[in-house]
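Each chain is listed here by its residues.
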Amino acid sequence: MFFPLERLINLHEGYRQTFKVAGRNLLLMVVDNQPLLLEDSCPHQGAPLRTATLMGTVLRCQRHGMEFQLPSGRASQPSCPSLKMFGLVYDGASIGVDV
Ligand code: FES
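Keep in mind that what you see is a predicted model, and the values were worked out from it rather than measured.

Participant: How would you sum up the sheet that holds strand E4 (residues 34–39)? Please name residues and give values.
Facilitator: In space, the four strands of this open sheet follow the order E2-E3-E4-E8, with antiparallel pairing throughout. Strands at the two margins of the open sheet, each flanked by one partner only, are strand E2 (16–21) and strand E8 (85–86). In the sheet, E2 pairs with strand E3 (residues 24–31) via six bridges, with the strands oriented antiparallel. Paired with Phe19 across the bridge in E3 is Leu26.

In structure tokens, the structure reads:
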């Protein structure tokens, strides 16, 4: 089932917004002109990523400084799991997720 998150017209570089979908906290971001959807929870110890620092395409969690490459979500430190990324679905003038 398609769950709309945002109208395409509202997406712009630097966009960042959280959504609660099917019990999950999701973070929609636009990085390098690409919309990305990820779990709003750091795979290291669960800090919210909505306040993470973005340097180019590297997302840095504020709690302990783990860094993740976007759009892959791969952690820079091999001991840390990758970000949980979700596929985005385009539907007319909206972007969303299949749940
Ligand atoms: S919780 Fe994100 S780096 Fe530790």
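Participant: Let's hear about the pattern of salt bridges: which residues, and what values?
Facilitator: Counting across every chain of the model gives three salt bridges. Taking the shortest distance from any N to any O, the salt bridge between Asp40 and Arg50 comes out at 2.7 Å. Taken as a pair, Asp40 in the loop between E4 and strand E5 (53–55) and Arg50 in the loop between E4 and E5 lie far apart in primary sequence, ten residues in all. A salt bridge links Arg60 to Glu67, with the nearest nitrogen and oxygen atoms 3.4 Å apart. Arg60 sits in the partly exposed class, given a relative accessible area of 35%. Accessibility expressed as a relative area gives 25% for Glu67, which makes it partly exposed.

Participant: Which residues make up the packing of aromatic side chains, and what values do they have?
Facilitator: The description of an aromatic ring pair uses the distance of the two centres, along with the angle that the planes make with each other. According to the stated counting rule, one finds zero aromatic pairs in the structure shown. Positioned above the aromatic ring of Phe86 is the side chain of Lys84, whose terminal nitrogen or guanidinium carbon lies 4.8 Å from the ring centre.

Participant: Outline the nonpolar core, supporting the account with residue identities and numerical values.
Facilitator: Note on soluble globular proteins: their nonpolar side chains tend to be buried together. Leu38, Leu49, Leu59, Phe68 and Leu83 are the most contacted members of the largest nonpolar core, which totals 17 residues. Elements with a minimum of two residues in this core: E3 and E4. By residue number, the principal contributor to this core is E3, which donates three residues. In terms of nonpolar packing, the next biggest core, distinct from the first, is built from eleven residues, Leu5, Leu28, Val30 and Ile95 among them.

Participant: Any chance you could break down the sheet that holds E5 for me, citing the residues and the numbers?
Facilitator: In spatial order, the strands read E5-E6-E7; together these three strands make up an open sheet with antiparallel pairing. The open sheet has two edge strands, E5 and strand E7 (67–69), and neither has a second partner. Averaged over all pairs of adjacent strands, the angle between strand axes in this sheet comes to 25 degrees, irrespective of strand direction. Judged from the three bridges that link them, strand E6 (residues 58–60) and E7 form a sheet pairing that is antiparallel. Looking across to E7, one finds that Arg60 is bridged to Glu67.

Calculation rules
Residues numbered from 1 in each chain as written. Predicted model: local features only at pLDDT ≥ 70, side-chain atom pairs only at ≥ 80, totals over all residues. Heavy atoms only, no water. Pairing = 2+ DSSP bridges. Helix = DSSP H or I, 4+ residues; strand = E, 2+ residues; numbered from the N terminus. Salt bridge = Lys/Arg side-chain N within 4 Å of Asp/Glu carboxyl O. Buried < 20%, exposed > 50% of the residue type's maximum accessible area, 1.4 Å probe, protein only. Phe/Tyr/Trp six-rings, centres within 6.5 Å; stacked < 30°, edge-to-face > 60°. Lys NZ or Arg CZ within 6 Å of the ring centre and 35° of its normal. Core = buried A, V, L, I, M, F, W, Y, C linked by side-chain atoms within 4.5 Å. Axes fitted to C-alpha atoms, helices over the stretch in contact; angles between N-to-C directions.

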